Amino acid sequence: MSPAPTFETIPETVAAIRKALPEGLHTPSVGIVCGSGLSGLVESLRDVTLVPYDGLPGFAKSTVPGHRSSLAFGFIGEKQAVPVVAMLGRFHPYEGHSLSTVMYPIRVMAALGIKDIIITNAAGALNPEFSVGSIVVVRDHLALPGLSGFNPLIGPTFSPEVTRFLPVSGAYSPALRRLAFLAAHQLGLPSDDLVEGTYAWVSGPTYESPAEGTFLRRVGADMVGMSTVPEVLAARELGVGVLVLSLATNKVVIPEKYRSIKEEVAAELAGKKIELPVEEVVSHAEVLEIGKIKGDVMRKLVAKIIDLIPESVRDATQP
Ligand SMILES: O=P(O)(O)O[C@H]1O[C@H](CO)[C@@H](O)[C@H]1O
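Residues numbered from 1 in each chain as written. Predicted model: local features only at pLDDT ≥ 70, side-chain atom pairs only at ≥ 80, totals over all residues. Heavy atoms only, no water.

The name given to the protein chain in an unreviewed UniProt entry is Purine nucleoside phosphorylase, with the source organism recorded as Hohenbuehelia grisea. Under the heading Function (unreviewed entry), UniProt records this for the protein chain: "The purine nucleoside phosphorylases catalyze the phosphorolytic breakdown of the N-glycosidic bond in the beta-(deoxy)ribonucleoside molecules, with the formation of the corresponding free purine bases and pentose-1-phosphate." (UniProt positions renumbered as here; feature names shortened; annotations may be inferred.)

Caption draft 1: Looking closely at the overall build of the protein chain. Helix and strand counts for the protein chain come out as nine helices and nine strands. The C-alpha radius of gyration of the protein chain comes to 21 Å, within 12% of the 20 Å expected for a compact globule of 319 residues. The C-alpha extent of the protein chain, read off along each of the three principal axes, is 80 × 45 × 35 Å. In the protein chain, the proportion of contacts linking residues at least 24 apart, taken out of those at least 6 apart, comes to 83%. (Helix = DSSP H or I, 4+ residues; strand = E, 2+ residues; numbered from the N terminus. Rg over C-alpha atoms; globule rule 2.2 N^0.38 Å. Contact = heavy atoms within 4.5 Å.)

Caption draft 2: Focus on the site of the ligand. Around the ligand, the structure places 13 residues, and the nearest of them are His 92, Tyr 94, Tyr 207, Ser 227 and His 284. Contacts to the ligand include Tyr 94, whose side-chain N or O atom sits 2.6 Å from an oxygen atom. In the environment of the ligand, an oxygen atom lies 2.8 Å from a nitrogen or oxygen atom belonging to the backbone of Ala 122. For the ligand, the protein covers 96% of the area, taking 350 Å² as the surface of the free molecule. For the shell around the ligand, the secondary structure elements donating two or more residues are strand E5 (116-125) and helix H8 (284-308). Taken together, the residues of the shell around the ligand sort by class into five nonpolar, seven polar and one charged. (Near = heavy atom within 4 Å. Polar contact = N/O pair within 3.5 Å; in protein donor to acceptor, adjacent residues only side chain to side chain. Areas by Shrake-Rupley, 256 points an atom, 1.4 Å probe, with all protein chains shown as cover. Nonpolar A, V, L, I, M, F, W, Y, C, P; charged D, E, K, R; others polar.)

Caption draft 3: Region of interest: the nonpolar core. Counting 52 residues, the largest nonpolar core has Leu 71, Phe 73 and Ile 117 as its most contacted members. Residues contacting Ile 117, with those up to four places away along its chain left out, are Gly 31, Ile 32, Val 33, Ile 106, Met 109, Ala 235, Val 240, Gly 241, Val 242 and Leu 243. By size, the runner-up hydrophobic cluster in this structure holds 34 residues, among which are Cys 34, Leu 45, Leu 247 and Ile 306. (Core = buried A, V, L, I, M, F, W, Y, C linked by side-chain atoms within 4.5 Å. Buried < 20%, exposed > 50% of the residue type's maximum accessible area, 1.4 Å probe, protein only.)

Caption draft 4: Spotlight on the packing of aromatic side chains. According to the stated counting rule, one finds four aromatic pairs in the structure shown. When the ring of Tyr 53 is compared with that of Phe 59, the centres are 5.1 Å apart and the planes differ by 45 degrees; the resulting orientation is tilted. Across this residue pair, the class does not change: Tyr 53 and Phe 59 are buried. Ring-pair connections join several aromatic residues into one group, and the members of that group are Tyr 53, Phe 59, Phe 91 and Tyr 104. Over the aromatic face of Phe 158 sits the side chain of Arg 107, whose NZ or CZ is 3.9 Å from the ring centroid. (Phe/Tyr/Trp six-rings, centres within 6.5 Å; stacked < 30°, edge-to-face > 60°. Lys NZ or Arg CZ within 6 Å of the ring centre and 35° of its normal.)

Caption draft 5: Representation of the side chain of Thr 49 in the model. On the secondary structure map, Thr 49 appears in strand E2 (residues 46-52). According to the relative accessible area criterion, Thr 49 is buried, its value standing at 17%. Not counting residues up to four positions away in its chain, the partners in contact with Thr 49 are Ala 20, Leu 21, Pro 22, Leu 25, Leu 71, Ala 72 and Phe 73.

Caption draft 6: View of a nonpolar patch on the surface. On the surface, Ile 261, Val 265 and Leu 269 cluster together into a nonpolar patch covering about 310 Å² of accessible area. Turning to its location among the elements, Val 265 is positioned in helix H7 (residues 261-269). Val 265 gets classed as partly exposed once you look at its relative accessible area, which sits at 38%. (Patch = residues over 30% accessible without salt bridge, like charges linked within 9 Å, V, L, I, M, F, W, Y side chains within 5 Å. Salt bridge = Lys/Arg side-chain N within 4 Å of Asp/Glu carboxyl O.)

Caption draft 7: Just the pattern of salt bridges, in detail. On inspection of all chains with the given rule, the structure shows eleven salt bridges. Asp 222 is the partner of Arg 139 in a salt bridge, and the nearest nitrogen-oxygen pair spans 3.6 Å. Of the two residues, Arg 139 sits in strand E6 (residues 135-143) while Asp 222 sits in the loop between helix H5 (210-218) and strand E8 (223-225), which places them 83 residues apart along the sequence. Overall, the relative accessible area of 5% leaves Asp 222 in the buried class. Put simply, Glu 279 and Arg 259 hold a salt bridge, and the shortest N to O gap is 2.7 Å. One end of the pair, Glu 279, is in the loop between H7 and H8; the other, Arg 259, is in the loop between strand E9 (241-251) and H7, and 20 residues separate them in sequence. The class of Glu 279 is exposed, set by a relative accessible area of 53%. We classify Arg 259 as partly exposed; its relative accessible area is 35%. The network of salt bridges with common partners includes Arg 139, Arg 217 and Asp 222.

Encoded structure:
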């Protein structure tokens, strides 16, 4: 496991990044986190400067296929040239990274000056009304590891300035969520493409068993994934406005009724012909494939949302 970075290394990391950047990009106002297979979001950026994670104090290397290990700085927007920084690749606890390492890039982006962050991820759909390819504007979360003793903010507070007891009831900015739906409308996306829901954070790296999927659905989750929530907490702790967009890359297997091998054997012994069900299995290859198919829509949506964020909002800390 990489050593946990602390707030004391932030100035050093910020200085190393700024040294690699042209003047106009020193203070990005919006951050973007690219989820699995979604690094193509960078194609919306103009005048890009890449800063590899390798060599940045406190940064690790992403080991997951579909995650590059670089920060991309550039400008987005038709109406205005908004300076942004995108993480091409994130860190997940299941890779063996500490939660501090997972949150560190968000804290660095906040120190660089971002006021808002758009966090994207690939996730499994639990809500039966969602289709593969739906984009979910996250309105709330269920932090399963957090509820069971692995809250990312356990331990010494990150810096003397942040609160010990972070409220998360309003973590997902209503103002930014509103802009997401306005942006979808302006892009002419079909209304079913963009929906709202609650994201359940699990540790992974296994996908959910049918019983786990059933449990998560019953307790109110619409989507499930292995990332994002630590990043949301790190951003909110520092007053950064948060928008999370989850791409439904697969449906989580939630059986209406379990297949009964006992009944199948009985039927076989009685000489009856039975039809065997097709077993559904999720794979990361499928997750990346949907990311590729929907990547362009996600890219246009994120660019449009950034274009719609009024300067007054970008320049003020989100409520
Ligand atoms: O959340 P992101 O990084 O998009 O990736 C999602 O896809 C991977 C599983 O296929 C897991 O890492 C899950 O969290």
